[in-house]
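Each chain is listed here by its residues.
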Amino acid sequence: MEYSPPPLFKQGASARAKMVFFALIALVLLGVDSHMRSLAVVRQVISTALYPLQVVALAPRDAMYFIGDYFTSLSDIKSENEKLKLQQTVNARTLQQGQQLLAENAQLRHLLGTSERLPVKSVMGEILYDTRDAFTRKIVLDRGIQHGVERGQPVIDHIGVVGQVTRVFPFTSEVTLLTDKNQAIPVQVVRNGLRSVAYGRGQSNVLDLRFMPTNADIQKGDVLVTSGIDGIYPAGLAVATVFQVENKSSDSFARIVCQPSAGIDRNRQLLILLTANKAEPRPADDAKDKNAKMTGILRHAASRTNGTSGKGIVETPPVPASSKPPATSTR
């Protein structure tokens, strides 16, 4: 049984009629808007008026998105930060190794150029370690008798003299540095040719010119090179630079301090000069003079002992070492 409204109330158009009516209006508006573009202003006004309501409606969704993005970004940043720290450590190690290789390459190039300019043969050696004695300045190289190294040969770098070979083993050798307290090297001032001897003090980067008179012509900044008179170090190798000169009238000798030119405590590769250390024999005249001096000293001592001035003492001339007593015949 169908329901029908009571006849006492006035009823409007039916729902079907309303739907058809508004559908027709929508179609007409769509056609007018598509052809005439006349409802754009109305659409903008309505959109502007409804925008705050749209923002409020979408606020919960945007808040959820923001919170999710925040935690996701924080996790990603932490992970990326850890990766960057690890990469930074690797890059730092690689950079240090690269810098070390560049420094060694530059030093090897300098040593190669130095070895080509030297008039004697040389062999390159690498420092293995320092000696255990803390009161000496000695190092051990990876070159020994098998490589032609001999005791007494000088050791240099691309700047100047570093030291001297003092002990030799089959595959290694011990080098005493110039700064060792027991090491000495004959030097010459480049400016005026003055000769002297530089002694090690036992401290790093310090040499002394001892027993120089106060009026010696040595100034701050003078360059010292090997004089070559000892027969061990070739002449002209850079040794040190004078950086302190003290001349006091009350002292008999001047205090002259020098700084080695070579990188004694810095370089890792060094050159060993394969020089032949052949000591020249003392001339015969020098031996005779020495015997004469000894005879004079003995005469003076004997005269003082006997209370005389040397009279009545028969002087016996020195017998040369090469002379032999005459042969006696036994007939």
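In case you missed it, the structure is sitting above this.
To keep things clear, this report deals only with the structure shown in the data block. For clarity, every value in this text was computed on a predicted model and none was experimentally measured.

1. Regarding the overall build of the protein chain
1) Next: Broken down by element type, the protein chain carries three helices and twelve strands.
2) Next: Residues classed as buried in the protein chain amount to 25% of the 331 residues present.
3) Next: Put simply, 56% of the contacts in the protein chain that link residues at least 6 apart link residues at least 24 apart.
4) Next: A total accessible area of about 24300 Å² is found for the protein chain, and carbon and sulfur atoms account for 58% of it.

2. What to know about the sheet that holds strand 8 (residues 207-209)
1) Next: Spatially, the six strands close up into a barrel ordered 6-7-8-11-10-9, and their pairing is antiparallel. Taken over all neighbouring pairs, the strand axes of this sheet differ in orientation by 40° on average, direction set aside.
2) Next: Pairing geometry for strand 9 (residues 223-226) and strand 10 (residues 238-246), over three bridges, is antiparallel. Following the sheet pairing, Val225 is matched in strand 10 by Ala238.

3. Section: the packing of aromatic side chains
1) Next: Scanning all chains against the criterion turns up three aromatic pairs.
2) Next: Taken together, the aromatic side chains of Tyr199, Phe211 and Phe253 make up a single cluster linked through ring pairs.

4. Thoughts on the pattern of salt bridges
1) Next: For the structure on display, the rule yields eight salt bridges.
2) Next: A salt bridge links Glu174 to Lys138; the shortest N-O distance between them is 3.8 Å. With Glu174 in strand 5 (residues 173-177) and Lys138 in strand 2 (residues 138-141), the pair connects residues that are 36 residues apart, well separated along the chain.
3) Next: Owing to a relative accessible area of 9%, Glu174 belongs among the buried residues under this scheme.
4) Next: Of the charged contacts, one joins Arg191 and Asp222 as a salt bridge, the two residues approaching to 2.9 Å between their closest N and O atoms. Highlighted residues: Arg191 in the loop between strand 6 (184-189) and strand 7 (195-200) and Asp222 in the loop between strand 8 and strand 9, separated in sequence by 31 residues.
5) Next: Arg191 sits in the partly exposed class, given a relative accessible area of 41%.
6) Next: Ionic contacts of the salt-bridge type, sharing partners, join the residues Arg191, Asp217 and Asp222 into one network.

5. Some details on the sheet that holds strand 12 (residues 269-273)
1) Next: One closed barrel accounts for six strands, arranged 1-2-5-4-3-12; its pairing is antiparallel. Averaged over all pairs of adjacent strands, the angle between strand axes in this sheet comes to 45°, irrespective of strand direction.
2) Next: Helix 2 (residues 40-117) rests against strand 1 (122-130), strand 3 (154-156) and strand 12 of the sheet, and its axis sits at about 15° to strand 12.

6. A short note on the pairing of strand 6
1) Next: Both strand 6 and strand 7 contribute to a ladder of five bridges, which runs antiparallel. Residue pairing for strand 7: Val187 is matched across the bridge by Ser196.

7. Description of a nonpolar patch on the surface
1) Next: A cluster of nonpolar residues, Met19, Val20, Leu24, Leu27 and Leu30, forms a patch on the protein surface that exposes about 530 Å² of accessible area.
2) Next: Turning to its location among the elements, Val20 is positioned in helix 1 (residues 15-36).
3) Next: Residue class for Val20 comes out partly exposed when judged on its relative accessible area of 42%.

8. Things to note about unusual backbone geometry
1) Next: At Phe211, a position not held by glycine, the phi torsion is positive, near 60°.
2) Next: Structurally, Phe211 is set in the loop between strand 8 and strand 9.

9. Side note on the side chain of Thr275
1) Next: Topologically, Thr275 is positioned in the loop between strand 12 and helix 3 (284-306).
2) Next: A relative accessible area of 11% means that Thr275 is categorised as buried.

10. As for the side chain of Asp208
1) Next: Along the chain, Asp208 falls in strand 8.
2) Next: Here Arg201 takes part through its side chain, which lies 2.7 Å from a polar atom of the side chain of Asp208.

11. Some points on the pairing of strand 2
1) Next: Bridge count for strand 1 against strand 2 is three bridges, and the pairing is antiparallel. The partner of Tyr129 across the bridge, within strand 2, is Val140.
2) Next: The sheet contact formed by strand 2 and strand 5 spans four bridges and is antiparallel. Across the sheet, Lys138 pairs through a bridge with Thr176, a residue of strand 5.

12. Let's talk about helix 2
1) Next: Counted at 1.5 Å a residue, the expected span for helix 2 with its 78 residues is 116 Å, but the 92 Å between its end C-alpha atoms falls short.
2) Next: Along its length, helix 2 shows its largest kink, about 45°, at Ala59, and proline Pro60 lies within four residues downstream of that point.
3) Next: Of all the residues in helix 2, the buried ones are Gln107, Leu111, Gly113 and Thr114.
4) Next: Where the residues of helix 2 are buried, they touch strand 1, strand 3 and strand 12.

Thresholds, definitions, all that
Residues numbered from 1 in each chain as written. Predicted model: local features only at pLDDT ≥ 70, side-chain atom pairs only at ≥ 80, totals over all residues. Heavy atoms only, no water. Helix = DSSP H or I, 4+ residues; strand = E, 2+ residues; numbered from the N terminus. Buried < 20%, exposed > 50% of the residue type's maximum accessible area, 1.4 Å probe, protein only. Contact = heavy atoms within 4.5 Å. Areas by Shrake-Rupley, 256 points an atom, 1.4 Å probe, with all protein chains shown as cover. Pairing = 2+ DSSP bridges. Axes fitted to C-alpha atoms, helices over the stretch in contact; angles between N-to-C directions. Phe/Tyr/Trp six-rings, centres within 6.5 Å; stacked < 30°, edge-to-face > 60°. Salt bridge = Lys/Arg side-chain N within 4 Å of Asp/Glu carboxyl O. Patch = residues over 30% accessible without salt bridge, like charges linked within 9 Å, V, L, I, M, F, W, Y side chains within 5 Å. Polar contact = N/O pair within 3.5 Å; in protein donor to acceptor, adjacent residues only side chain to side chain. Expected span 1.5 Å × (residues − 1). Bend = angle between axes of the 7 residues up to and from the residue.

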